[in-house]
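# Survey of secondary and tertiary structure
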Amino acid sequence: MTREEQMLLKHFNDLSERAYYQNRPCFSDFLDMNAQSLLLQFFKGPIAPVLYGGYDFAERKIAVFSETPVEYPVCWLEIQPAYPKYAEKLGHRDFLGSILGLGLERSCIGDLLIENSTARILCLERVQDFIIQELTQVRHTSVQAKVIEIPESVARPKFETIHGTVNSLRLDAVISLAFRLSRSQSCGLIESGQVYINSRLNTSNGAVLKDGDMISVRHKGKFIFSDSKNKSKKNKCMVEIHKYV
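Okay, so let's go over this structure. The model shown is predicted, which means the values in this text are computed figures rather than measured ones.

### Some thoughts on the sheet that holds strand β1 (residues 26-27)
The strand order across the open sheet built from three strands is β1-β3-β2, with neighbouring strands paired in antiparallel fashion. Each edge of the sheet is formed by a strand with only one pairing partner; in this case those strands are β1 and β2 (50-52). Two strands pair when backbone bridges link them, and β1 and strand β3 (residues 62-65) are joined in this way by two bridges, in the antiparallel orientation. Residue pairing for β3: Phe27 is matched across the bridge by Val64.

### So, the pairing of strand β4 (residues 74-81)
Within a regular strand, side chains alternate between the sheet's two faces. Across the eight residues of β4, seven count as buried, placing the element largely inside the fold. Across six bridges, the pairing between β4 and strand β8 (residues 141-148) is antiparallel. Across the sheet, the residue bridging to Glu78 is Lys146, located in β8.

### Some remarks on the pattern of salt bridges
Taken as a whole, this structure holds eleven salt bridges when the rule is applied. Between Asp29 and Arg126 there is a salt bridge, and its shortest N-O distance comes to 3.1 Å. A residue pair is termed long-range when its members are at least 10 positions apart, and Asp29 in the loop between β1 and α2 (33-42) and Arg126 in helix α4 (residues 125-134) qualify at 97 residues. On the basis of relative accessible area, Asp29 is assigned to the partly exposed category, the value being 26%. Across the pair Lys146 and Glu78 runs a salt bridge whose closest N-O atoms are separated by 4.0 Å.

### Side note on the nonpolar core
Counting 33 residues, the largest nonpolar core has Ile79, Ile99, Ile109 and Ile131 as the members making the most contacts within it. For this core, the secondary-structure elements that each account for two or more residues are β3, β4, α3 (92-100), β5 (109-115), β6 (118-124), α4 and β8. Counting residues in hydrophobic clusters, the runner-up holds 23 residues, among them Phe179, Ile190, Phe223 and Cys237.

### Describing the sheet that holds β6
The five strands lie next to each other as β5-β6-β4-β8-β7, forming an open sheet whose pairing is antiparallel. Edge positions in the sheet fall to β5 and β7 (137-138), since each has one partner strand and no second. Relative to β8, β7 runs antiparallel, the two being bridged by two bridges. Note on β8: the bridge partner recorded for Val138 is Thr141.

### Observations concerning α2
Among the residues making up α2, those that are buried are Met33, Ala35, Gln36, Ser37, Leu38 and Leu39. Buried-residue contacts for α2 involve α1 (3-22), β2, β3, β10 (195-197), β11 (200-201) and β12 (214-217). The residue sitting at the N-terminus of α2 and contributing the capping side-chain oxygen is Asp32; that oxygen lies 3.2 Å from the backbone nitrogen of Asn34.

### Some details on the packing of helix α5 (residues 171-179) against helix α6 (residues 183-191)
Their axes nearest at 8 Å, the elements α5 and α6 cross at an angle of 115°. Considering the angle they form, α5 stands roughly perpendicular to α6. Remark: the crossing between α5 and α6 carries right-handed chirality. In this structure, α5 contributes Leu171, Asp172, Ala173, Ile175 and Ser176 to the contact, and α6 contributes Arg183, Ser186, Cys187 and Ile190.

### Here we look at the side chain of Ser199
By the secondary structure assignment, Ser199 is in the loop between β10 and β11. With a relative accessible area of 2%, Ser199 lands in the buried category.

### Observations regarding unusual backbone geometry
Generally, phi is negative for residues other than glycine and the peptide bonds are trans, each holding for most cases. Here Arg139, not a glycine, exhibits a phi torsion of approximately 55°, which is positive. Looking at where Arg139 falls in the secondary structure, it is placed in the loop between β7 and β8. For Arg139, a relative accessible area of 43% puts it in the partly exposed group. One non-glycine residue, His219, lies in the positive phi region at around 70°. Mapped onto the elements, His219 comes out in the loop between β12 and β13 (221-231). The class of His219 is exposed, set by a relative accessible area of 80%.

### What about the packing of aromatic side chains?
Following the criterion strictly, the structure yields six aromatic pairs and no others. Relative to Trp76, the ring of Tyr55 lies with its centre 6.4 Å away and its plane at 40°, an arrangement referred to as tilted. Of this pair, Tyr55 sits in the loop between β2 and β3 while Trp76 sits in strand β4; the two residues are 21 residues apart in sequence, bridging distant segments of the chain. Residue classification places Tyr55 among the buried residues on the basis of a relative accessible area of 5%.

Here is what the cut-offs are and how they apply
Every residue gets a number counted from 1 within its own chain, in the order that chain's sequence is written. In view of the model being predicted, local features appear only for residues whose pLDDT reaches at least 70, and side-chain atom pairs are presented and counted only at 80 or more, with totals across whole chains, interfaces and linings using the full set of residues. Side-chain measures here rest on the full set of heavy atoms in the structure, leaving out hydrogens and waters. Should DSSP find at least two bridges between two strands, the strands are regarded as paired. Secondary structure counts use DSSP, requiring at least four H or I residues in a row for a helix and at least two E residues in a row for a strand, with both numbered from the N terminus. In this scheme, a residue with accessible area under 20% of its type's maximum is buried, one over 50% is exposed, and one in between is partly exposed, where area comes from a 1.4 Å probe on protein chains only. Salt bridges, as used here, are contacts in which a Lys or Arg side-chain nitrogen is within 4 Å of a carboxyl oxygen on Asp or Glu. We call a set of buried Ala, Val, Leu, Ile, Met, Phe, Trp, Tyr and Cys residues a nonpolar core when their side-chain atoms join them within 4.5 Å. The contact definition used throughout considers only heavy atoms, calling two residues in contact when any of these lie within 4.5 Å. Counting of polar contacts relies on pairs of N or O atoms within 3.5 Å, with two restrictions inside protein: one atom must be capable of donating a hydrogen and the other of accepting it, and residues adjacent in sequence are counted only when both atoms are side-chain atoms. Interaxial angle, 0 to 180 degrees, is taken between N-to-C directions of lines fitted to C-alpha atoms, where a helix line uses only the stretch in contact. Under this scheme an angle from 65 to 115 degrees is roughly perpendicular, one under 35 degrees roughly parallel, and one over 145 degrees roughly antiparallel; angles in between are oblique. A clockwise turn of the near helix away from the far one marks a right-handed crossing, whereas an anticlockwise turn of less than a right angle marks a left-handed crossing. Here the aromatic set is Phe, Tyr and Trp, taking the six-membered ring for Trp, and pairing holds for ring centres within 6.5 Å; pairs whose planes are under 30 degrees apart are stacked, those over 60 apart are edge-to-face, and all others are tilted.

Structure representation (structure tokens):
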């Protein structure tokens, strides 16, 4: 474990102990998949964390340390072109780059959901006013930001549904199907620490997936695995994958 990882674990333990001894909720900033995996595998504080990202299968999440239900210190912002008729086609990188260009840390921002050059962004409450006031342009397009209320059922990315057959429900086989890779390419990604199952780092090619598992592959994307329990005529496993687009 690196010194940085040791310091991060100490920070998690400090938050847990503070929540326990002071009898109040404590929260981390948004965590990437590495930090979540570290937390889930090695945390040993008095209050176990709950991870929250605003909706089911969110990738970036805050860690919540509390023994009672709490209000999460996050909010949804909607950022859209001020003049839609003249707006450029804006994507994830455009919005994220402009927000970070304001001087904010990535840990202040959760997932970004993009549709028709409009972004819905989960952020920490402490930065919401700053973003609303300072974010006026994305690329060459004038934008406006505002706080919105968004049900978790609505705050979902879009999926591409992939049906196919695999010899087994091994991780490497399913990743090959999801991203149209060779088996050796999938194994390389897994063995090099690029793959997470339900926020936990996984380096085993032979890990067997279960219905509902979320798999995230760095630089490739993520998907939700669905096992149909059916077999093809050649006795292969028929599966369904919901791939984020």
